[in-house]
Amino acid sequence: MDLTTKYLGMTLRNPLIVSASPLSEDVANIKKMEDAGAAAVVLHSLFEEQLVKESAELEEALVHGAESFGEATSYFPRASEYKLGPEEYLAHIASAKKAVDIPVIASLNGSSVGGWTDYARQIQQAGANALELNIYYVPTDMQLAGGAVEQTYVDILKAVRAAVTIPVAVKLSPFFSNMANMAKRFDDAGANALVLFNRFYQPDIDLEELEVKPDILLSTPFAMRLPLTWVAILHGRVKADLAATSGIHSSDDVLKMLMAGANATMLCSALLRYGIDRLRVIEKGMCEWMEKHEYDSVKQMQGSLSQIKCANPAAFERSQYMRALAGYKLA
Amino acid sequence: MSTKKYITIDGNEAVAYVAYRCNEVMGIYPITPSSNMGEWCDQWASEGVKNLWGTIPSVVEMQSEGGAAGTVHGALQTGALTCTFTAAQGLLLKIPNMFKIAGELTPTVFHISARTLATHALSIFGDHSDVMSARSTGFAMLSSASVQEAMDFALISQAATLESRVPFLHYFDGFRTSHEASKIELVTEEIMRGMIDEDLVVAHRQRAMNPDKPVLRGTAQNPDVFFQARESCNPFYDKCAAITQKAMDQFAKLTGRQYHLFQYVGAPDAERVVVLMGSGCEAAHEAVEFLNAQGAKVGVLKVRLFRPFCPKSLIEALPATVKSLAVLDRTKEPGALGEPLYLDVVAGLTEALASGYGKLKAMPKILCGRYGLSSKEFTPAMVKAVFDNLAAAKPKNHFTVGINDDVTNSSLPFDPEFSTESDKVVRALFYGLGSDGTVGANKNSIKIIGENTDNYAQGYFVYDSKKAGAVTVSHLRFGPSPIRSTYLISKANFVACHQPVFLERYDMLAPLVAGGTFLLNTANNKDEVWKKLPRNMQEQIIKKKVKFYVIDAISVARATGMGGRINTVMQTCFFALSGVLPREKAIEQIKYAIKKTYGKKGEDVVQKNIAAVDQTLANLFEVTVPAQVTSTIEMPSPFTANAPESVRKTLGVIYGNMGETLPVSAFAPDGTFPTATAQYEKRNLALEIPVWDEKTCIQCAKCVVICPHATIRMKVYDPKCLEGAPATFKSTDARAPEWKGMKWTLQVAAEDCTGCELCVDVCPAKNKAEAKLRAINMKPQAPLRLTERENWNFFLNIPELDRRKVKVTQLRQQQVMQPLFEFSGACAGCGETPYIKLLTQLFGDRAVIGNATGCSSIYGANLPTTPYAVNAQGRGPTWNNSLFEDNAEFGLGFRVSIDKQKEFACELLKRLVGVLGDDLVGGLINANQTDEAGIYAQRERIAALKQKLAGNTSSEAKMLLGVADSLARRSVWILGGDGWAYDIGYGGLDHVLASGRDVNLLVMDTEVYSNTGGQMSKSTPRGAVAKFAAGGKPLGKKDLGLIAMAYGSVYVASVAMGAKDDQTLKAFNEAESYPGPSLIIAYSHCIAHGIDVEHGVGAKQQKLAVESGQWLLYRYDPRRAAAGENPLQLDSAAAKSKVQDYLLSENRFKMLTKSKPEDAKRFFEQAQKDAEARWQLYSYMAARKPAGEAPKPAPAA
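Residues numbered from 1 in each chain as written. Chains lettered and ligands numbered in written order. Predicted model: local features only at pLDDT ≥ 70, side-chain atom pairs only at ≥ 80, totals over all residues.

A.B. asks: Please clarify how the sheet that holds strand 11 (residues 298-303) of chain B should be interpreted in this entry.
C.D. replies: Residues and elements named next belong to chain B. Sheet architecture is open: 7 strands sit in the order 9-11-10-13-14-15-16, paired in mixed fashion. For this open sheet the edge positions go to strand 9 (262-266) and strand 16 (411-412), each flanked by a neighbour on one side alone. Alignment of strand 15 (residues 399-401) against strand 16, held across 2 bridges, turns out to be parallel. Within strand 16, the position partnered with Thr400 by the bridge is Ser411. Across the sheet, helix 13 (residues 340-355) touches strand 10 (272-276), strand 11, strand 13 (324-329) and strand 14 (365-371), and the angle it forms with strand 13 is around 145°. (Pairing = 2+ DSSP bridges. Helix = DSSP H or I, 4+ residues; strand = E, 2+ residues; numbered from the N terminus. Contact = placed C-beta atoms within 7 Å. Axes fitted to C-alpha atoms, helices over the stretch in contact; angles between N-to-C directions.)

What follows is the structure, given as structure tokens:
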């Protein structure tokens, strides 16, 4: 049975990629992922804002209270060198590459053109097989028009694309007026893959403390419907590969995504919840299903139920939504 | 001669530069102003910088200077090239070893930034009292007078010690030289190699202790031989002066700078000569050149080698024409015939004349005087006064100069207007806040000018003694010739005011010369600023034809992402206006310096600074000065109107920056000062203050207990007290059932608050309609200042609640007690002071406090004012600081003394029972004083006793009156930081814990030497970056509590008020009531943790530390063991988070992840294991069933 798939110009041994998560901060985990059957790993993200913030914080810490009081003209030794850029991350790429044979995809997270191109170049030099751009931006400025936000996304991609030769994937937000148009613009700007979709971490409210708290909820299988829809709509319409992410927890979920048209599927919450070995279960489940249903290869099923190949393309659009509502019966 | 290379450097770094390269081992311990030397060495070692022979020296931080000296002695004896650095009391602690080192003829150099010894008061500043105390040790003593000489003599002394085998004390003036930044010629490694004879290094090794060819030193000798053996070193001392001169001559060959043991400068036919050593030589040199240019015939003899004292060199250095000498000592030896240099010069000249040396025919008239104690200014005007005195018909001998001695009339008058400043020198003064980066920017400017022009540069920085809102004044000189002006600038041609609040606080234009430039940072534009200036300032601007410029530096800084840091903006203005460098070149150099300074801190920081430079020039405007004075704004009086006259006349003058004008008679001769004086200075530091929302408040008192400066307080009172309340005074019904019917107020001292926000951060009550608001919220201070001043004064006049009625075990009630520690000079957001304040609320009216030197002694007692206060009855803490190392013993002394007096009082009571009556005597002797009511009753009895004794002339009655007060229970508190408790004072602390006596030791544990700038202590946790642990501390924190618990008879508590305030309260109450020694280890967040203490994060950090298991809360009470219970109660729960979550929230740990990420990972993992192991141990101990009878505290003697 042929589980291989093509993603970002690379042939993967199966369509199971581990998406960016804290799990990949440890090289030992990456090794475990490879052993459990992952076809590639996206490293945890390098956060642009964090680097800027840490640099400012360190500067503040070093000068805070200094040169004020005769007995303590400073409070810290002056270290000759601080690694405030992405050095640690780059070293991590290098050690991950050394530890495993599967492709290592680096992830850059940010919201402005900023230091992206520099970081991207350094990531390439550090040996990453590909780069995933995680453009994470929640615009709250009422004066900022949607077009400008979209243009920023495209500009970032173009700048990075021009800076590196390795494949570049864009991990997207679903919150565009016209997702299809955006997909095309990314496609035109040279994205090698679109990763659908980024999950936005929305905060919770703590009733006891009366505080808004960041609270990371792991995805549930329901979350896969949104990427499933858009993978299916975009399949065959963009040159870029499509990777599905969010809510993929089981072999069935993977199969569905492949049929919708995904080149690869990305797993995170499932591994955080059930452990890295979940990969084995999923792969095994895929094989069993394919065997039972007499599929020879993943390629065979890829896109088979995409909008352009399925029997009822309207199911992915509004007319179908109307019908679905009308047919909904209260239990 | 090697190619000359110039650098801009301060004295400490210059000395360390040489010492590091010429040695292999450094045994060190931090003490101001020498700490930086050790710090530089440690830093270079951590960076892998090698010495002359290509190896990285070992730098060892010890537990005290005594320990450092012992280590140095050991390293020397086993053959390493070894040196050390210290000052003041630190040098005193090294003296025992110094006798040994010299007695064994061991070559070494001790580099000393000479500092005042503590006598009637401590002082961190410079004079020679420390080095003069070491003059009998057998060390040679070489004095340098400038930064250049400090670097040069560091090498000369190293060469001379190796050849002579006599150890050297190389000293230079603390602060004046140690902290002066100066452009000097670098002593290169090539020069060092030319000075150090490697054969002598080998000879030193060959004398070392070596089991392959064993020897024995350190014998015990008897009367039969000790004397003879002691005299056997004489030949070495006989040769030492010549060897030193030889090294000076060799140095001259290599550098062109020729030094002499006694160096004369002045007229070859001078009749009057001053003799002195240290930085004063430079001012004298300048004065002599100036006076001679005007036709005088005077000279200065600079003493370089004070020990061994060479009379021949002394007399040979003096011109034959000398008729009179004034020998100036920068030290005081009360009771001596004269100070040491004077005595040696008199004896030296007598001997030299008798031996027929030199050109002098007869003994000149020799006078002596003291100058410059504790960095007192020593100016050319004072030098002139000394020369004038020498010329007087009836000159004063044993005079002082620089002060007004109106008690013994020793002082010489001098003309403060006399100036030798050259017109060719740019003299600039900068008034800034510590937090605005002014000093850093000025140091940078000095480097830029020093390294990019032919100009010489000098920078000296006057720092504040207060840590919150610290003010700095920078004195910068630039000129074409080497600058010898070792005194502050009194005639400036450029004055910059970096903070508009100073306009009403300092007379900044007084030193500005006519036609000079004044630069003001202000939010007012060039057209509006004039009317905002005080009258006095307008007058001076017009009269002196001042060129007046303004910039809104805050706006420029904010617009360019620099936040509140205006340093780069103001530095750019200085270069633009001063003309020291062409403007374009200056801007280019500033940018280059920015890249160099901030490059390693990240590109973003660099870009922001560069943007600030670019934006500055467009926002710098000259003000058109009107012809008329229009302002009616007057400089306010430094103290509030209610300050007593006596306080205003002394402390008020000091606070108003006029302390220099106070005469000797203004001071108590024994160093005594009144307490409760911080209340009179209103510093108005806070831009925002907390404002109470009485409707949201739940009256929990958490804000009150955590406030570091006692500026937020609560009172409970009869509603009748509200009569006459100001219109904006807030009040609400008291919520506690015990206070039913009473009113409750939370009041902020707006003018004393530092704006640290700790109170807001800990407030648990949230506004139901707008959750970001709490029961107290920060609002701008300025619009509230006057109304809140009135409210505060009204609040203070509401009577305090009777202490007998306060439930001291419940925080929300206990906090109503009056704090007797208020408005200290501690950092905004300080983590230590809330503990001290709490103890003064609970026990302050009967507290006797001994305080180890450190932060708490500085904010507790740095002049002008003291935060320790008194209650309405005039009672309050009485406080003293002995030393850093002896505080536990000092406090034990209090206890023993008080107990003895009480015991004696009881004996006398019994003897006088016939006069006093059974009831009174029995009541006094058997009084139960375990609570406020009991103490109150005892005080009443004592008052009755005194009344009965009045008029009784018997010896017993007189003696009893003298000790009667001791019958009321005294609470002895021993306060200090972890540097004291874990390191330097540990031996004494341990002994006191073992004494069984009823003392309370409060260790405010910041886990680092905070006061001297963040050096590692044994309390520093694993992985923390600190000075002497630049690569993160590899070992774990010492568990002082566990050690103390091992006695079984010591009450021990580990507390963190920010994490659990009620547990802290319990601990204080229990500790004080325990009739034996009690140790409270109190987590104290600190500016040295790399956290934003000034913005209220401290309590949160304490919570994180406790929740992650990094800091345990517990109480160990031996009384529980006696009652059959487990003495240990663990008050914190099992960890809720990982230690790393806490570590990464503080830059002291986090910065290691940026400098040494792999080490950080390893240390942090180990720290987690430490925390788990600690929890396991403590939870096991707390769960154990008690067995057997617990040890009891030793009965009081």
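Back to the write-up after that little detour.
A.B. asks: Explain the interface of chain B and chain A here, please?
C.D. replies: Reports often express the size of an interface as the amount of accessible area lost when the parts come together. Listed by partner, the interface residues are 39 residues for chain B and 31 residues for chain A. Among the secondary structure elements, those contributing two or more residues to the side of chain B that touches chain A are helix 2 (35-47), helix 15 (438-452), helix 20 (603-616) and helix 40 (1147-1155) of chain B. Looking at the side of chain B that touches chain A residue by residue, the classes come out as 13 nonpolar, 15 polar and 11 charged. (Nonpolar A, V, L, I, M, F, W, Y, C, P; charged D, E, K, R; others polar.)

A.B. asks: Sorry, what's going on with helix 14 (residues 380-391) of chain B here?
C.D. replies: Three or four residues apart is the spacing at which side chains of an α-helix point the same way, because the helix has 3.6 residues per turn. Helix length check: helix 14 of chain B, at 12 residues, gives a terminal C-alpha distance of 16 Å against a target of 16 Å (1.5 Å per residue), a fit within 8%. Burial analysis of helix 14 of chain B places 10 of its 12 residues in the buried class, which makes it a mostly covered element. (Expected span 1.5 Å × (residues − 1). Buried ≥ 20, exposed ≤ 12 C-beta atoms within 10 Å, placed from the backbone.)

A.B. asks: Mind showing me how you'd approach the domain arrangement of chain B here?
C.D. replies: Residue and element names in this part refer to chain B. Split into domains, chain B comes out as domain 1 (6-210 + 224-254), domain 2 (260-412), domain 3 (426-622), domain 4 (678-881), domain 5 (889-967) and domain 6 (971-1183). The straight-line distance from the C-alpha centre of domain 1 to that of domain 3 is 37 Å. Each partner contributes to the interface: domain 1 provides 8 residues, whereas domain 3 provides 12 residues. Contributing elements (two or more residues each) for the side of domain 1 that touches domain 3: strand 1 (6-10) and strand 8 (181-185). In terms of residue count, strand 8 provides more of the side of domain 1 that touches domain 3 than any other element does, 3 residues in total. A class-by-class count of the residues in the side of domain 1 that touches domain 3 yields 2 nonpolar, 3 polar and 3 charged. (Domains from an automatic or database assignment.)

A.B. asks: In this structure, what is going on with the packing of helix 8 (residues 251-260) of chain A against helix 10 (residues 278-292) of chain A? I would like to understand it.
C.D. replies: The relative placement of two packed helices comes down to the angle between their axes together with the axis-to-axis distance. All names here are of chain A. Put simply, helix 8 and helix 10 touch, their axes get as near as 8 Å, and they point 65° apart. The chirality of how helix 8 crosses helix 10 is right-handed. From helix 8, Ser251, Val254 and Leu255 reach across to helix 10, where they touch Ile282, Gly285, Met286 and Trp289. A class-by-class count of the residues in the contact of helix 8 with helix 10 yields 5 nonpolar, 2 polar and no charged. (Left-handed = near helix turned anticlockwise from the far one by under 90°.)

A.B. asks: Would you mind showing me how to read the sheet that holds strand 22 (residues 547-551) of chain B here?
C.D. replies: The pairing of strands in a sheet comes from backbone hydrogen bonds and takes either a parallel or an antiparallel form. Residues and elements named next belong to chain B. The 9 strands are arranged 1-8-18-19-17-20-21-22-23 in an open sheet whose pairing can be described as mixed. Whereas interior strands pair on both sides, the edge strands pair on one side only; in this sheet they are strand 1 and strand 23 (620-622). Within the sheet, the average angular offset between the axes of one strand and its neighbour, ignoring direction, is 20°. Bridge count between strand 1 and strand 8: 5 bridges; the pairing is antiparallel. Looking at strand 8, one finds that Ile7 is bridged to Ile184. Relative to strand 1, helix 1 (residues 11-21) is tilted by about 115°, and along the sheet it contacts strand 1 and strand 8.

A.B. asks: What should I look at first to understand the pairing of strand 8 of chain B in this one?
C.D. replies: For a regular strand, side chains alternate in direction, first toward one face of the sheet and then toward the other. Residue and element names in this part refer to chain B. Counting buried positions along strand 8 yields 4 of 5 residues, so the element is predominantly enclosed. The pairing of strand 8 with strand 18 (residues 456-462) spans 2 bridges and is antiparallel. For Ser182, the partnering residue across the bridge sits in strand 18 and is Gln458.

A.B. asks: Could you clarify how one ought to interpret the pairing of strand 29 (residues 847-851) of chain B in this entry?
C.D. replies: All names here are of chain B. Burial runs high along strand 29: 5 of the 5 residues are buried. Here strand 29 shows a buried face lined by Ala847, Ile849 and Asn851 and a second buried face lined by Val848 and Gly850. Where strand 29 and strand 31 (residues 971-977) come together, 5 bridges link them in parallel fashion. In the strand pairing of strand 31, Gly850 is matched with Ile974. Taken together, the 3 bridges between strand 29 and strand 30 (residues 878-880) define a ladder with parallel strand orientation. What sits directly across from Gly850, in strand 30, is Asn880.

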